[in-house]
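# Report on the structure
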Amino acid sequence: MLPTQIDPMWAYQGEADWLATQQQGAMQITIAAPVSNLNASIRLLLIEDNDISRQLMSDFLKHCGYSIHALSNGSTFAQEMALFRPHLILLDLKLPDVDGFSVLEQAQQTLEWSATPIIVISAFAFQSDRARALSLGARQYLVKPVMLPQIQQAIDDELEALKLQ
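Below is a summary of the structure that appears in this document. (Residues numbered from 1 in each chain as written. Predicted model: local features only at pLDDT ≥ 70, side-chain atom pairs only at ≥ 80, totals over all residues. Heavy atoms only, no water.)

### What to know about the sheet that holds strand 3 (residues 67-71)
Taken in spatial order, the 5 strands make up an open sheet running 3-2-4-5-6, and their pairing is parallel. Unpaired on one side and paired on the other, strand 3 and strand 6 (140-143) mark the two borders of the sheet. Strand after strand, the sheet turns through a mean of 20° between neighbouring axes, direction not considered. Bridge count for strand 2 (residues 43-47) against strand 4 (residues 88-91) is 4 bridges, and the pairing is parallel. (Pairing = 2+ DSSP bridges. Helix = DSSP H or I, 4+ residues; strand = E, 2+ residues; numbered from the N terminus. Axes fitted to C-alpha atoms, helices over the stretch in contact; angles between N-to-C directions.)

Here it is as structure tokens:
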């Protein structure tokens, strides 16, 4: 069972850590009322293949007031971009069907998407992966495990640059 509320200071570390915490019965889940309804008009596209990680980030970002559309793979990226028209994209690089780098390339090659900020959240910790993602248009590169407030700060930074917040 996934948490319905999350502690924003809990580190997003993936399914194994979440399950281990659940098995120990030590997970404390408390959170205050939603931060703001001002973010409700801001659309975020989350592409993450791990079900628990996707649910955790999605729940946290909804709690922060954002409108979230979450995908488990990148095969429908183009279709979802056209339909959902996100203001910002959160992208995992290791996806089951397409390489996250290919998604970055596709976003940069499409004129109406090339200005959409992309924040990569990946377990790929090598400097070469970071450099490649940034050269393909990613605005920020966060390495898992990442704290949920760190994700929110990265989003806030990018939205501030766009003047959407």
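That was the structure; now back to the text.
### A word on the pattern of salt bridges
Under the criterion given, the structure shown has 5 salt bridges. Measuring nitrogen to oxygen at the nearest pair gives 2.9 Å for the salt bridge that ties K144 to E48. With K144 in the loop between strand 6 and strand 7 (146-147) and E48 in the loop between strand 2 and helix 2 (51-63), this residue pair connects regions lying 96 residues apart in the sequence. An identical accessibility class is assigned to K144 and E48; each is buried. What emerges from the salt-bridge pattern is a single network uniting E48, D92 and K144. (Salt bridge = Lys/Arg side-chain N within 4 Å of Asp/Glu carboxyl O. Buried < 20%, exposed > 50% of the residue type's maximum accessible area, 1.4 Å probe, protein only.)

### A closer look at the side chain of S58
Among the structural elements, S58 can be located in helix 2. For S58, a relative accessible area of 6% gives the class buried.

### A look at the packing of aromatic side chains
The final tally for this structure, using the stated rule, is 1 aromatic pair. Look at F77 and W113: their rings are 5.6 Å apart centre to centre, the planes differ by 75°, and that puts the pair in the edge-to-face class. With F77 in helix 3 (residues 77-84) and W113 in the loop between helix 4 (100-109) and strand 5 (118-122), this pair connects stretches of sequence that are 36 residues apart. Comparing F77 with W113, the two get one shared label, buried. Above the ring of F101, the side-chain terminus of R132 is found at 4.0 Å from the ring centroid. (Phe/Tyr/Trp six-rings, centres within 6.5 Å; stacked < 30°, edge-to-face > 60°. Lys NZ or Arg CZ within 6 Å of the ring centre and 35° of its normal.)

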